[in-house]
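Overview (structure and organization)
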Amino acid sequence: MLTKKCLWDESHSYEVKENEEYKVLCPKCYHDIFTKTYSKTYSWYDFVKNIKLFKILHQLNGMIDDNSEFKIQYDLISKQIQGVEKMCLMCEDTFHTGKDEDFRYLCSDCYKKFYLPLKEYYSVKEIESILTNIKKEGGDMVADLEKAIQKAKEKN
């Protein structure tokens, strides 16, 4: 077991197994801070990358009153973290990307579900075209995805 300091609150430590070095928050902070407060709006990657801003945002969140000077700081920090708000091509849920990631067109769940299975067989542009067609046709997305994968396997 390794002892690490929690990235959210460095005043306490926690234990991780040797293959869990990637865990940067203690279980309590992961659950109480990330999962409960930020996971629905921000990806884990964006949260960790901008953790200093999230700490400030979290402090300000408790002090905000619509007419306070803190509201201005809160809005500024929120915009820095969020980057771009987009609608997922497949599920049509809203998700956020970093300012330099406006090329993304799938939320993380749809990326795993639809993009990754096709990645081995098609280029980025081809995948976007395939997914756009699947969505436009409105059929069974999973079955259409399987057909696209099968078609690619037959070509190889």
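Note that the structure is a prediction, hence the values are computed from the model and not measured. All residue numbers here refer to positions counted from 1 along the written sequence of the relevant chain. Restriction of local features to residues with pLDDT of at least 70 applies here, the model being predicted, together with a cutoff of 80 or more for giving and counting side-chain atom pairs; totals for whole chains, interfaces and linings are based on all residues. Only hydrogens and water are set aside when side-chain values are computed; all heavy atoms of the structure are taken into account.

Topic: the confidence of the model for the protein
- A residue's pLDDT is simply how confident the predictor is in it, with values from 0 to 100. Averaged over all residues, the pLDDT of the protein equals 82, while 90% of them reach at least 70.
- Here a helix means four or more residues in a row that DSSP labels H or I, a strand means two or more in a row labelled E, and each is numbered from the N terminus. Looking across the protein, the model is least confident in helix H4 (residues 69-82), with a mean pLDDT of 69, and most confident in helix H1 (residues 27-38), with 90.

Here's the deal with the packing of helix H5 (residues 108-119) against helix H6 (residues 124-137)
- With their axes 10 Å apart at the nearest point, H5 and H6 run at an angle of 135 degrees to one another. On the basis of the axis angle, H5 is oblique to H6. The two elements H5 and H6 meet at a crossing, and its hand is right-handed. Judged by residue contacts, Phe114, Tyr115, Leu118 and Lys119 of H5 engage Val124, Ile127, Ile130 and Leu131 from H6.
- Charged residues are taken to be Asp, Glu, Lys and Arg, nonpolar residues to be Ala, Val, Leu, Ile, Met, Phe, Trp, Tyr, Cys and Pro, and polar residues to be all remaining types, Gly included. Counted by class, the contact of H5 with H6 contains 7 nonpolar, no polar and 1 charged residues. Axes here mean lines fitted to C-alpha atoms, for a helix over just the part in contact, with angles spanning 0 to 180 degrees between N-to-C directions. In what follows, roughly perpendicular refers to angles from 65 to 115 degrees, roughly parallel to angles under 35, roughly antiparallel to angles over 145, and oblique to any angle outside these ranges. In this scheme the handedness of a crossing depends on how the near helix is turned from the far one: anticlockwise by less than a right angle means left-handed, clockwise means right-handed. Whether two residues touch is decided by their heavy atoms; if any such pair falls within 4.5 Å, the residues are in contact.

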